[in-house]
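Read off the chains here:
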Amino acid sequence: MKKTAIAMSLLFIASGAMAQGEIQHATDDTVQAAHAGADTAKEKLHQTEHRTQEQMDKAKSDGSATDKMKQDGQKAWNQTKEGSEKAWDKTKQGSEKAWNGTKEGSQKAWDKTKDGSAKAWDATKEGSSKAWDKTKSGAEDLKNSVSN
């Protein structure tokens, strides 16, 4: 009986530890993906800024179409900014979705562990009670047989 209770306790502890490892893993992957998306957006933004500056410098040096270059540069900047914002929103939504899934999964694992522990505890308590009653009964029988 003790071996069964100990085995069940270890099983529930181990399942909680495994669930905790999954939470950390999912969270790390989500953060890594968010950083990758942000880095890509930053890189594109810097490239566009550089191209825009080159075009503006070129337009100033030859003195023609300066206004058009400024407009084109501003248009490119706005497109890049919009694309960066969309990428950030998508990354943010993905991170939130992953976090919610991880949170839900860990809650389910915790509930399952808690239920299993409660069942094991009840079974152990019941088994101990029966064993105690049997021991008490056996002691009473022995006392009666010695007294007679």
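Below: a short report on this structure.

Cut-off values and rules
Residues numbered from 1 in each chain as written. Predicted model: local features only at pLDDT ≥ 70, side-chain atom pairs only at ≥ 80, totals over all residues. Heavy atoms only, no water. Helix = DSSP H or I, 4+ residues; strand = E, 2+ residues; numbered from the N terminus. Buried < 20%, exposed > 50% of the residue type's maximum accessible area, 1.4 Å probe, protein only. Contact = heavy atoms within 4.5 Å. Areas by Shrake-Rupley, 256 points an atom, 1.4 Å probe, with all protein chains shown as cover. Salt bridge = Lys/Arg side-chain N within 4 Å of Asp/Glu carboxyl O.

Let's talk about the overall build of the protein
Here's step 1: Check the secondary structure of the protein and you find 2 helices and 0 strands.
Here's step 2: Looking at the 148 residues of the protein, the share that counts as buried comes to 14%.
Here's step 3: Pairs at least 24 apart in sequence give 84% of the contacts found in the protein among residues at least 6 apart.
Here's step 4: For the protein, the accessible area works out to roughly 11900 Å², and carbon and sulfur atoms hold 57% of it.

Remarks on the pattern of salt bridges
Oppositely charged side chains are able to pair whenever their charged atoms sit close together.
Here's step 1: Evaluated as defined, the whole model comprises 3 salt bridges.
Here's step 2: For the salt bridge of Glu-82 with Lys-86, the shortest nitrogen-to-oxygen distance reads 3.4 Å. Here Glu-82 pairs with Lys-86, and both are found in helix 2 (residues 66-147), just 4 residues apart, close to one helical turn.
Here's step 3: For Glu-82, a relative accessible area of 46% gives the class partly exposed.
Here's step 4: Judged by relative accessible area, which is 54%, Lys-86 ranks as exposed.
Here's step 5: Across the pair Glu-126 and Lys-130 runs a salt bridge, and its minimum N-O distance is 3.3 Å. Taken as a pair, Glu-126 and Lys-130 lie in helix 2 at a separation of 4 residues, close to a single helical turn.
Here's step 6: Its relative accessible area of 45% is what places Glu-126 among the partly exposed residues.
Here's step 7: Assessed through its relative accessible area of 55%, Lys-130 is described here as exposed.

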